[in-house]
Amino acid sequence: MRAVIAEDSVLLREGLTRLLTEAGIEVVGQAGDADDLLRKTRAHKPDVVVTDIRMPPGQSDEGLRAAQTIRAELPGTGVLVLSQYVEEGYAMELLGESAEGVGYLLKDRIADVERFLDAVKRVAEGGSALDPEVVSHMLGRRRREDPVDDLTPREREVLELMAEGRSNHAIAEQLVVTERAVEKHVTSIFGKLGLASQPDNHRRVLAVLAYLKSSPNR
C-alpha cells in the first residue's frame, strides 16, 4: 500500500509518515501545500492520500479542494481528510455523489493509532471512514418527520457505526452482540428508511451515507 501525506506542520507530517511506515504502508510523497500535494499525487498515483483540510497558501480549504480534484482525476486513489474541528459542510462537500474511497476524521483521532490506521487502510481499499462526531451531527440535524425517528435506540447505534464504515463483525464486537443480531438490525434499518438492501456491506454503508446526505441541515 502506497500513500502521499499532505500537512503543513512538519512535526505532524513526519509523525504521520512514521505511523504509516511502521504499519507497513510506503509513504511515497510528502507535501506542505495543496499544489505540491497535487503534483506528487499525480506523479505517484498512490493508493491513499492523507491531507489536512486547511493548507497553504490561504489556510482555508485548499486541502479539501485538492482532495476533490484527486477524487475526480484519480478515482482509484482513496482520500482521507483531516480536520481540526467538526466542519459538517466540508464533509458533505467531500462526499459528493459517493462515499467510496473517502474518509473525514478529526485530527484528535490520530492519537488512537489503531483506529486511525484502520481508517487509512479502509479508505485505501475503497471503503469509507467518517468521524463519529460528524455522524452524530448528521443524525442530530434532521428534517421533521424523518424516518430515522422510527429507529429504536439500538438500531440508531448500529446506523451510526455503519456510517463510520464499520463491518457487521466490528459492530457486533463494539456492541457486544452476535453478528446475527447485527444483521437483523441492519435489515430492519433499511426497511424503515426505505433503502434497498444490498448483499455487500460496503454498498449498504454507501446507501446509509447517501441517506444522511439527503437530509437538509437545520
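Residues numbered from 1 in each chain as written. Predicted model: local features only at pLDDT ≥ 70, side-chain atom pairs only at ≥ 80, totals over all residues. Heavy atoms only, no water.

A. Structural detail: the packing of helix 2 (residues 34-44) against helix 3 (residues 62-73). Two numbers describe how helix 2 lies on helix 3: the axes approach to 9 Å, and their chain directions differ by 20 degrees. With respect to their mutual orientation, helix 2 and helix 3 come out roughly parallel. For the element pair helix 2 and helix 3, the recorded crossing hand is right-handed. Between helix 2, through Ala34, Leu37, Leu38, Thr41 and Arg42, and helix 3, the contact on the second element is made entirely by Glu62, Ala66, Thr69, Ile70 and Glu73. For the contact of helix 2 with helix 3, the residue count by class is 5 nonpolar, 2 polar and 3 charged. (Axes fitted to C-alpha atoms, helices over the stretch in contact; angles between N-to-C directions. Helix = DSSP H or I, 4+ residues; strand = E, 2+ residues; numbered from the N terminus. Parallel < 35°, antiparallel > 145°, perpendicular 65-115°, else oblique. Left-handed = near helix turned anticlockwise from the far one by under 90°. Contact = heavy atoms within 4.5 Å. Nonpolar A, V, L, I, M, F, W, Y, C, P; charged D, E, K, R; others polar.)

B. Main features of the sheet that holds strand 4 (residues 78-83). Spatially, the 6 strands line up as an open sheet ordered 2-1-3-4-5-6, and their pairing is parallel. The outermost strands of the open sheet, each flanked by one partner alone, are strand 2 (26-31) and strand 6 (128-130). Ignoring which end each strand starts from, the neighbouring axes of this sheet average 20 degrees apart. By the bridge criterion, 3 bridges tie strand 5 (residues 102-106) to strand 6 in an arrangement that is parallel. Paired with valine 102 across the bridge in strand 6 is serine 128. (Pairing = 2+ DSSP bridges.)

C. Representation of the confidence of the model for the protein. In the predicted model, the protein carries a mean pLDDT of 83, and the fraction of residues at 70 or more is 81%. Mean pLDDT values over the elements of the protein span from 58, in helix 10 (residues 201-214), up to 97, in strand 1 (residues 2-6). (pLDDT = per-residue confidence, 0-100.)

D. Up close: the side chain of glutamate 7. Counting through the fold element by element, glutamate 7 comes out in the loop between strand 1 and helix 1 (10-22). Polar contacts involving the side chain of glutamate 7 include one to the main-chain amide nitrogen of serine 9, which spans 3.0 Å. Here lysine 107 takes part through its side chain, which lies 3.2 Å from a polar atom of the side chain of glutamate 7. Setting aside residues up to four positions removed in sequence, glutamate 7 forms contacts with Leu12, Arg13, Ala31, Gly32, Asp52, Met55 and Lys107. (Polar contact = N/O pair within 3.5 Å; in protein donor to acceptor, adjacent residues only side chain to side chain.)

E. Spatial organisation of the pairing of strand 4. Most of strand 4 sits inside the fold, with 6 of its 6 residues counted as buried. Side-chain alternation along strand 4 places Gly78, Leu80 and Leu82 on one buried face and Val79, Val81 and Ser83 on a second face that is also buried. Two strands pair when backbone bridges link them, and strand 3 (residues 48-52) and strand 4 are joined in this way by 5 bridges, in the parallel orientation. Along strand 4, the bridge assignment pairs valine 49 with valine 79. Handedness of the β-α-β unit built from strand 3, helix 3 and strand 4 comes out right-handed. Where strand 4 meets strand 5, 5 bridges bridge the pair, whose relative direction is parallel. What sits directly across from leucine 80, in strand 5, is glycine 103. (Buried < 20%, exposed > 50% of the residue type's maximum accessible area, 1.4 Å probe, protein only. Right-handed = clockwise from strand over helix to strand, strands pointing away.)

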